[in-house]
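Survey of secondary and tertiary structure
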Amino acid sequence: DQLELKMIDFEFAALGDRYSDIASFSRLNQFPDEEDVLLLKWYFGTFDDKQMVRLQLMKAVADLHEAMRWMAAVPYFTENPPAAA
């Protein structure tokens, strides 16, 4: 018997690029390159340098996406500062 692992992500499924989900997973778990290689091997069954380049690019996009989400929150917190403790 072999353990089968499945990853289902509904959050970004509409983007249509599986590297988007893989990059978000890797970034949020702070994977170093060595773990990214293992993740790509697990997901695709093989690994090549093109996959790593694409993953690194999508990790940069994921970082930009997260930064934009925080930047959008700045006006709210500027106008509604938390109450003093």
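Here is a short report on the structure shown in this document. Being a predicted model, the structure only gives us computed values, none of them experimental.

Put simply, helix α1 (residues 18–28) and helix α3 (residues 49–79) touch, their axes get as near as 8 Å, and they point 70 degrees apart. Regarding the angle of α1 to α3, the classification is roughly perpendicular. Where α1 abuts α3, its residues Tyr 19, Ser 20, Ile 22, Ala 23, Ser 24, Ser 26 and Arg 27 lie against Gln 51, Arg 54, Leu 55, Met 58, Lys 59, Ala 62, Asp 63 and Glu 66. Split into classes, the residues belonging to the contact of α1 with α3 amount to 6 nonpolar, 4 polar and 5 charged.

A cluster of nonpolar side chains, namely Leu 5, Trp 42 and Tyr 43, defines an oily patch on the protein surface of about 300 Å² accessible area. Position of Leu 5 relative to the elements: it lies in the segment before α1. By relative accessible area, Leu 5 is classed as exposed at 57%.

Another aspect to go through is the packing of helix α2 (residues 33–44) against α3. Between α2 and α3, whose axes approach to 11 Å, the crossing angle comes to 115 degrees. In terms of axis orientation, α2 runs roughly perpendicular to α3. In this structure, α2 meets α3 at a crossing whose hand is right-handed. Together, Asp 33, Asp 36, Val 37, Leu 40 and Phe 44 of α2 and Gln 51, Met 52, Leu 55, Gln 56 and Lys 59 of α3 make up the contact between the two elements. Residues belonging to the contact of α2 with α3 are distributed by class as follows: 5 nonpolar, 2 polar and 3 charged.

Bringing the packing of aromatic side chains into the picture now. This structure, assessed with the given rule, holds 4 aromatic pairs. Summarising the aromatic geometry, the rings of Phe 25 and Phe 31 are spaced 5.7 Å apart at their centres and angled 90 degrees between planes, so their arrangement reads as edge-to-face. Taking relative accessible area as the criterion, Phe 25 reaches 34% and is therefore assigned partly exposed. Aromatic pair Trp 42 and Tyr 43: ring centres 6.2 Å apart, planes at 65 degrees, arrangement edge-to-face. Taken together, Tyr 19, Trp 42, Tyr 43 and Phe 44 form an aromatic cluster joined through their ring pairs.

Calculation criteria
Residues numbered from 1 in each chain as written. Predicted model: local features only at pLDDT ≥ 70, side-chain atom pairs only at ≥ 80, totals over all residues. Heavy atoms only, no water. Axes fitted to C-alpha atoms, helices over the stretch in contact; angles between N-to-C directions. Helix = DSSP H or I, 4+ residues; strand = E, 2+ residues; numbered from the N terminus. Parallel < 35°, antiparallel > 145°, perpendicular 65-115°, else oblique. Contact = heavy atoms within 4.5 Å. Nonpolar A, V, L, I, M, F, W, Y, C, P; charged D, E, K, R; others polar. Patch = residues over 30% accessible without salt bridge, like charges linked within 9 Å, V, L, I, M, F, W, Y side chains within 5 Å. Areas by Shrake-Rupley, 256 points an atom, 1.4 Å probe, with all protein chains shown as cover. Salt bridge = Lys/Arg side-chain N within 4 Å of Asp/Glu carboxyl O. Buried < 20%, exposed > 50% of the residue type's maximum accessible area, 1.4 Å probe, protein only. Left-handed = near helix turned anticlockwise from the far one by under 90°. Phe/Tyr/Trp six-rings, centres within 6.5 Å; stacked < 30°, edge-to-face > 60°.

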